[in-house]
Amino acid sequence: MKSVKTFTSVCCLAMAAGACSTSAGGGAAAPTGQVLTLAAAGQGPAEAAVKAFEKANPGVTVKTTFTEDDASYQQQLRTQLASGTAPDVFRMWPGGGNTMAVRDLGADGMLMDLSGESWAGGLSADLKAVTSDPAGKVTAVPVTIGAIGAIWNDQALAKSGLTKPTTWPEVLAFCKAAKAKDVVPFALGLKSAWVTQLVPYALTASLVYGPDPGFTQQQKDGKATFANSEWKQAMDKYLQMRDSGCFNDSPNGVGYDEQMQLLGQGKALGAVHVLSAVQSALNSAPQGTTFSMTPFPATDSAEGTYVPVSVGIVYGVNAKAKNPALAKKFMEFLASPEGQALYATESGSSPALSSPSFKADALQQPVLDAVEAGKSTLYPDQGWPSPKVQQEHLTSIQELFNGTVDVPTLLGRMDKAFGEAK
């Protein structure tokens, strides 16, 4: 687990690294009449990048496959990679922690070595740590900086007359007041398994990893466990939110798309989510709807709130790509200032590399402020030794909300998965 200070250097040094990137039209022109295949979880940002790449390289066609659900996407891509039918280029996750993360795919020999590319030579050590395989070869280009926080439908919140909470007691009071007004305080869609982790990540940023940035290393050293840490308090607070009416009815029966519809349509005032989810909320929002973000509190003091921040989206090249030269050309575009600004803007995130044209808004500015103030932590799964820990986490939270397991059992399962993977 990297320290808060280290993550601050990730963002700052990443911005400097972008000076080594080339422009969208830089380098040798891509051959005309060629086809590149690409897959991504989430359509909007990737589609915008593809269109810009095709425009900058006349005659090139990019055939795309988009999947909205992260879990389905990860399963499908893993199957395709194993069978030799995967596309040339695909979205991945940084570091480790799930089956489509850089280290896990790299360990299985499924990624092309990109260490020789011009943009790769300019990456900071911190960025290389989450874009390299176990052998230290850069195998991914970092595209965005993501974060988890309380995302607000500004118009719905103003209509409610309620104030954004800045402490844990204020969260519970906010939920009570919103429920009394017959509006959902925070939309939650646990049917999409990946959503289950977002509230815990927000809570543990302030309860675990902010106060103790070395916690994950202590786990690896056998000196700490999930069960005997503030993870228990975080999970207890997750249930307290459920029992206090903070969420919509039957979260396990609500998927990500419906969750974002609740937020976009103003039926929910907010959602504890990744910032990129705003793009989905906008699909069902009335014209003129705006969204903002605040750090999600877990303690009695606003000063004790940390924001989970990390390199968000990364892309890699299939080790068996049918068109490796064109795939590398696309990587070059994603690393360029133009590509970075475009993808970040379309995804509601901040660019991972330098992009002078990018302007932070009410969603991104609080993230940059938290990083600058040393109030950010990494997503915990990026330090976990195996995807099994995250998989156990996701499944067990769904069971927790069904009432079929309790918090000690959930954390015990995670400890077992962590221990087996060390």
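Residues numbered from 1 in each chain as written. Predicted model: local features only at pLDDT ≥ 70, side-chain atom pairs only at ≥ 80, totals over all residues. Heavy atoms only, no water.

Going by an unreviewed UniProt entry, the chain carries the name Extracellular solute-binding protein and comes from Nonomuraea turkmeniaca.

Visitor: What is the right way to look at the overall build of the chain in this model?
Guide: Secondary structure summary: the chain contains 17 helices and 12 strands in total. Radius of gyration (C-alpha) of the chain: 21 Å, near the 22 Å computed for a compact globule of 422 residues. For the C-alpha atoms alone, the extent of the chain along its principal axes is close to 60 × 50 × 40 Å. Taken over 422 residues, the chain has a buried fraction of 58%. If you sum the accessible surface of the chain, you get close to 15800 Å²; carbon and sulfur atoms cover 51% of it. Here the chain carries 32 positive and 37 negative side-chain charges, and the mean point of each set is 2 Å from the other. (Helix = DSSP H or I, 4+ residues; strand = E, 2+ residues; numbered from the N terminus. Rg over C-alpha atoms; globule rule 2.2 N^0.38 Å. Buried < 20%, exposed > 50% of the residue type's maximum accessible area, 1.4 Å probe, protein only. Areas by Shrake-Rupley, 256 points an atom, 1.4 Å probe, with all protein chains shown as cover. Lys, Arg positive; Asp, Glu negative; His and termini not counted. Charge placed at Lys NZ, Arg CZ, Asp CG, Glu CD.)

Visitor: Explanation requested: the pairing of strand 3 (residues 89–92) in the structure shown.
Guide: Put simply, side chains in a regular strand alternate between the two faces of the sheet. Alternating positions in strand 3 separate into two faces, Val89 and Arg91 on one and Phe90 and Met92 on the other, with burial throughout. Relative to strand 10 (residues 314–317), strand 3 runs antiparallel, the two sharing 4 bridges. Bridging across to strand 10, Arg91 finds its partner in Tyr315. (Pairing = 2+ DSSP bridges.)

Visitor: Help me understand the sheet that holds strand 3 in this model?
Guide: What holds strands together in a sheet is hydrogen bonding between their backbones, with the strands either parallel or antiparallel. Strand order in the open sheet made by the 5 strands is 2-1-3-10-4, with mixed pairing throughout. The open sheet has two edge strands with one neighbour each: strand 2 (61–67) and strand 4 (141–142). Strands strand 1 (35–41), strand 2 and strand 10 of the sheet are contacted by helix 2 (residues 44–56), whose axis makes an angle of about 180° with strand 2. (Contact = heavy atoms within 4.5 Å. Axes fitted to C-alpha atoms, helices over the stretch in contact; angles between N-to-C directions.)

Visitor: Whenever I open this one, the packing of aromatic side chains confuses me. Can you help?
Guide: Aromatic ring pairs are defined here through the distance separating the ring centres and the angle between the ring planes. All told, the structure shown has 21 aromatic pairs when counted by the stated rule. On the basis of an interplanar angle of 90° and a centroid distance of 5.0 Å, the ring pair of Phe53 and Phe330 is categorised as edge-to-face. Separated by 277 residues along the polypeptide, Phe53 in helix 2 and Phe330 in helix 13 (residues 324–335) bring together distant segments of the chain. Grouping residues by exposure puts Phe53 and Phe330 together as buried. (Phe/Tyr/Trp six-rings, centres within 6.5 Å; stacked < 30°, edge-to-face > 60°.)

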